[in-house]
Amino acid sequence: MTQRIDYNEVAPRGMKALAGAHVYVSQSGLAPALVAEVNLRVSLINGCAYCIDMHSRELRHLGVSNEKIALVPVWREAGDLFDAREKAALAWAETVTNVATTGVPDTAYDAVSAHFDEKELVDLTIAIGLMNAYNRMAISFRSVPAAAS
């Protein structure tokens, strides 16, 4: 795969704006590993090789086991490997990422609201939206994963 455009070079102000949202999320109080798990799940749904590679590496750096990282795509079948809060965040990430299909139903909102207060839920949803934006940039312009370069 060959990169089409280096969007960081072509539109630095636009990418800096996205980076500002990233800084906000990183300072929101959400656990870094939880955000990275959500980022990985969103990237898996969207098929973004660049971001899958990046967030898998990030999770390993944060001390998350290879087994847990490998089971992010099938977290529902992973028993107690993911706690209730992680499961709620991953389910929310899936329904928000697939908004055109799911419509983000009340049942999903009620389920995630049992584990996150309003601010945390807004911050989590910002993180999900941001990851979807980054996925679309990386996929559209064929960002090459570190593992493939």
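Residues numbered from 1 in each chain as written. Predicted model: local features only at pLDDT ≥ 70, side-chain atom pairs only at ≥ 80, totals over all residues. Heavy atoms only, no water.

Q: Outline the overall build of the protein, listing residues and values.
A: Helices and strands together make up the secondary structure of the protein, namely nine helices and zero strands. Secondary structure of the protein in N-to-C order comes out as α-α-α-α-α-α-α-α-α. What you see for the protein is a C-alpha radius of gyration of 15 Å, in line with the 15 Å of a compact globule of 149 residues. Each principal axis of the C-alpha distribution contributes one length, and for the protein these read about 40 × 30 × 30 Å. If you sum the accessible surface of the protein, you get close to 8,100 Å²; carbon and sulfur atoms cover 57% of it. Separation between the mean location of the 13 positive side-chain charges and that of the 17 negative ones in the protein comes to 8 Å. (Helix = DSSP H or I, 4+ residues; strand = E, 2+ residues; numbered from the N terminus. Rg over C-alpha atoms; globule rule 2.2 N^0.38 Å. Areas by Shrake-Rupley, 256 points an atom, 1.4 Å probe, with all protein chains shown as cover. Lys, Arg positive; Asp, Glu negative; His and termini not counted. Charge placed at Lys NZ, Arg CZ, Asp CG, Glu CD.)

Q: Summarise the nonpolar core; cite the residues concerned and give the values.
A: Buried together is how nonpolar side chains tend to be arranged in soluble globular proteins. Formed by 26 residues in total, the largest nonpolar core has its most connected members in V38, W92, V112, F116, L124 and I128. Secondary-structure elements contributing two or more residues to this core are α2 (12-26), α3 (32-46), α6 (84-97), α8 (106-113) and α9 (118-140). Counting residues per element, this core draws most heavily on α9, at eight residues. Not counting chain neighbours up to four residues away, the residues in contact with I128 comprise V38, V42, W92, A93, V96 and T97. Counting residues in each nonpolar core, the second largest holds ten residues, with A36, I69, A78 and L90 among its members. (Core = buried A, V, L, I, M, F, W, Y, C linked by side-chain atoms within 4.5 Å. Buried < 20%, exposed > 50% of the residue type's maximum accessible area, 1.4 Å probe, protein only. Contact = heavy atoms within 4.5 Å.)

Q: Go over the UniProt feature "domain: Carboxymuconolactone decarboxylase-like" (unreviewed entry) in the protein, please, and point to the residues and values.
A: The UniProt entry lists residues 13-94 under the feature "domain: Carboxymuconolactone decarboxylase-like" (unreviewed entry), expressed in the numbering used here. Span residues 13-94 is 71% helix and 0% strand, its end C-alpha atoms 29 Å apart. (UniProt positions renumbered as here; feature names shortened; annotations may be inferred.)

Q: So what about the side chain of E86? Which residues, and what values?
A: Residue position: E86 is located in helix α6. Residue classification places E86 among the buried residues on the basis of a relative accessible area of 10%.

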